[in-house]
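Per-entry structural report
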Amino acid sequence: MSFLTNFLKLNQAKWMPFMSMLVALYCILVLDYDFQQIIVFFVAEIFLVMVFALIRMLWSYDDLPPIERAIEKIIWLILGILGIVFFMTLSFFTLSKSLKQESFVDEVAFFLPQVAFLFVGQIEAIYTNFFKNNHYKSASPRNQMGSFFYVLTIIAFLQLFTIHLLPNYPFLNQAKMGVVALIVVKFCIDYLFNFVQFRHIK
């Protein structure tokens, strides 16, 4: 338990990508998820990333005067909500066309325990690396929204599979090594963006 406690106290950039990768590998190797289900799982994870980015943004306090800070936060909040709506709408219509299951919602509900685990991880990360260490007192709302650039990269990455590869090469859906390769590539993207955004947090 002490190891886990000390591990979670590390910079978020050092453990969140590993946590995401290990949960995804568990879904593949133990729960026997296929390619499409893992992509839906990633969509749910990215939704959490965007929501927690908005939370960090709203609680950030920098050196701006209160009125300017409030205006900036309102602008970022509106843009963030629009970004979440756009991402979820795009994901819904894109994946609904390719999923074997009838309902996108049913697919999401299929792995709620795994998403809940990531949710707890996000809560731990924002508590340890944002509130407990008082980082929120000096954090810039603008910098907290950097996660949305990560989302744009992941969207482009996932669209490559859902629009181009899976429809043209259906056998990839059941190819375990292909799914593992997808998870590893996403881990590299996760680690890069987490390192860039959270490297300065102690």
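Right above here is the structure, for reference.
In this report, the structure presented in the accompanying data block is examined. All chains use their own residue numbering, which begins from 1 and follows the written sequence. Reporting of local features is limited, given that this is a predicted model, to residues whose pLDDT is at least 70; pairs of side-chain atoms are given and counted only at 80 or more, and all residues count toward the totals for whole chains, interfaces and linings. Hydrogens and waters are ignored; side-chain quantities use all the structure's heavy atoms.

Right, let's get into the overall build of the protein. Counting from the N terminus, the helices are the DSSP runs of H or I reaching at least four residues and the strands are the DSSP runs of E reaching at least two. Of the regular secondary structure elements, the protein holds nine helices and zero strands. Ordered by position in the sequence, the α and β elements of the protein form the string α-α-α-α-α-α-α-α-α. Note on definitions: a residue-residue contact is assigned when non-hydrogen atoms from the two residues lie within 4.5 Å. Within the protein, residue pairs in contact and separated by at least 24 positions form 84% of the contacts whose partners lie at least 6 positions apart. Carbon and sulfur atoms make up 72% of the accessible area of the protein, which amounts to about 10900 Å² in all. Accessible areas in this description were obtained via Shrake-Rupley with a 1.4 Å probe; residue shielding takes into account the shown protein chains only.

Right, let's get into the pattern of salt bridges. Whenever a carboxyl oxygen of Asp or Glu lies within 4 Å of a side-chain nitrogen of Lys or Arg, that contact is scored as a salt bridge. If you walk through the whole model with that rule in mind, you get three salt bridges. The partner of Glu72 in a salt bridge is Arg142, with the nearest N and O atoms 3.5 Å apart. Of this pair, Glu72 sits in helix α4 (residues 66-98) while Arg142 sits in helix α7 (residues 141-144), and the two are 70 residues apart along the sequence. Between Asp190 and Lys186 there is a salt bridge, with the nearest N and O atoms lying 2.6 Å from each other. Here Lys186 and Asp190 lie together in helix α9 (residues 176-198), a separation of four residues that amounts to about one turn. Since its relative accessible area comes to 4%, Asp190 is described here as buried. Overall, the relative accessible area of 1% leaves Lys186 in the buried class. Accessible area is worked out with a 1.4 Å probe on protein chains only. A residue is then buried under 20% of its type maximum, exposed over 50%, and partly exposed in between.

Attention now moves to the nonpolar core. Among buried residues, those of type Ala, Val, Leu, Ile, Met, Phe, Trp, Tyr and Cys that are joined through side-chain atoms within 4.5 Å constitute a nonpolar core. Membership of the largest hydrophobic core comes to 45 residues, with the highest contact counts inside it found for Ile38, Phe41, Phe42, Ile46, Leu158, Leu182 and Ile183. Elements supplying a minimum of two residues to this core: α2 (12-29), α3 (35-58), α4, α6 (112-131), α8 (147-168) and α9. Here this core gets 15 residues from one element, more than from any other, and that element is α3. Sequence-distant contacts of Ile38, defined by excluding residues within four places in its chain, comprise Ala24, Cys27, Ile28, Tyr33, Val179, Leu182 and Ile183. In terms of nonpolar packing, the next biggest core, distinct from the first, is built from five residues, Ile126, Phe130, Tyr136 and Ala139 among them.

To continue, consider the packing of aromatic side chains. Any two of the Phe, Tyr and Trp rings considered here, Trp counted by its six-membered ring, make a pair once their centres fall within 6.5 Å; the pair's planes then place it as stacked at under 30 degrees, edge-to-face at over 60, or tilted in between. The full count for this structure, using the stated rule, is seven aromatic pairs. By the ring-pair criterion, three or more aromatic residues cluster together here, those being Phe18, Phe187 and Tyr191. A ring is considered to have a charge above it if a Lys NZ or an Arg CZ atom is located within 6 Å of its centre and within 35 degrees of its normal. Positioned over the ring face of Tyr61 is Lys73, at 4.5 Å from the centre of the ring. The ring of Phe42 carries Lys186 above its face, with NZ or CZ at 4.6 Å from the centroid.

If you check α3, its first and last C-alpha atoms are 35 Å apart, about what 24 residues at 1.5 Å a residue would give, namely 34 Å. Of all 24 residues that make up α3, 20 are buried, and the element is covered over most of its length. What a helix is expected to span follows from its residue count: subtract one and scale by 1.5 Å.

With that settled, the discussion passes to the environment of Val151. Tracing the sequence through the fold places Val151 in helix α8. Spatially, the C-alpha atom of Val151 lies 9.9 Å from that of Phe193, the residues being 42 residues apart in sequence. Beyond its immediate chain neighbours, meaning those up to four positions away, Val151 contacts Ile46, Met50 and Phe87.

Now for the environment of Ala53. Along the chain, Ala53 turns up in helix α3. For Ala53 and Gly146, which are 93 residues apart along the polypeptide, the C-alpha to C-alpha distance reads 8.0 Å. When residues no more than four places from it in sequence are discounted, the contact partners of Ala53 are Gln144, Met145, Ser147 and Phe148.

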